[in-house]
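Descriptive structure summary
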Amino acid sequence: MDTVNLADKFSLFSELWTPKIIAGLNGQLVKLAKLKGEFIWHRHDQEDELFLVIRGDLRIDLHDRTLKLGAGDLVVIPAGVEHRPVAPEEAWVMLLEPASTLHTGNTRSDRTVDQLEWI
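Scope of this entry: the structure provided in the associated data block. (Residues numbered from 1 in each chain as written. Predicted model: local features only at pLDDT ≥ 70, side-chain atom pairs only at ≥ 80, totals over all residues. Heavy atoms only, no water.)

So, on to the pairing of strand β5 (residues 66-69). Only one face of β5 is covered, namely the face carrying Leu67 and Leu69; the face carrying Thr66 and Lys68 is uncovered. When strand β4 (residues 58-61) meets β5, the two strands line up antiparallel, connected through 4 bridges. Bridged to aspartate 61 within β5 is threonine 66. What sits between the antiparallel neighbours β4 and β5 is a turn of 4 residues. (Buried < 20%, exposed > 50% of the residue type's maximum accessible area, 1.4 Å probe, protein only. Helix = DSSP H or I, 4+ residues; strand = E, 2+ residues; numbered from the N terminus. Pairing = 2+ DSSP bridges.)

Have a look at this one:
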């Protein structure tokens, strides 16, 4: 059991759209990701996904509207809801989701990472 400093953890990586695991609890993983540009449209059929913006701005496109988040804002995308995260400039995001969640959900692409790294 150790404390985790988010700024220290974010300083350990530069890859975009490749979440890093920093903690786990009750079958959930806490992940950090740096985002910039558009991600792919996808959904998670069985898992909800929490996005908490630490730095920057994040837009999450849904088919019927767009959610806009800034630093300190969070949203939970329910299971089955197709979405596309977009960050106009680099954004730092914390994700909380079940350990089984693949970050590209039901869509496999060149951005899919099957084994996420613990940092």
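Below, the discussion takes up the environment of lysine 36. Within the secondary structure, lysine 36 sits in strand β2 (residues 28-38). Considering only alpha carbons, one finds lysine 36 and asparagine 5, 31 residues apart in sequence, at a separation of 22 Å. Every residue in contact with lysine 36, bar those within four places of it in the chain, is listed here: Leu16, Trp17, Ala87, Pro88, Glu89 and Glu90. (Contact = heavy atoms within 4.5 Å.)

Bringing the pattern of salt bridges into the picture now. Enumeration according to the criterion identifies 7 salt bridges in this entry. For glutamate 38, the salt bridge identified is with arginine 84, shortest N-O distance 3.3 Å. With glutamate 38 in strand β2 and arginine 84 in strand β7 (residues 84-98), this pair connects stretches of sequence that are 46 residues apart. Between aspartate 61 and arginine 59 there is a salt bridge whose closest N-O contact spans 2.8 Å. Given a relative accessible area of 5%, aspartate 61 falls into the buried group. Of the residues examined, arginine 59 reaches a relative accessible area of 27% and is grouped as partly exposed. Where salt bridges share partners, they join Glu38, Arg59, Asp61 and Arg84 into one cluster. (Salt bridge = Lys/Arg side-chain N within 4 Å of Asp/Glu carboxyl O.)

None of the figures reported here should be taken as evidence of function without further support.
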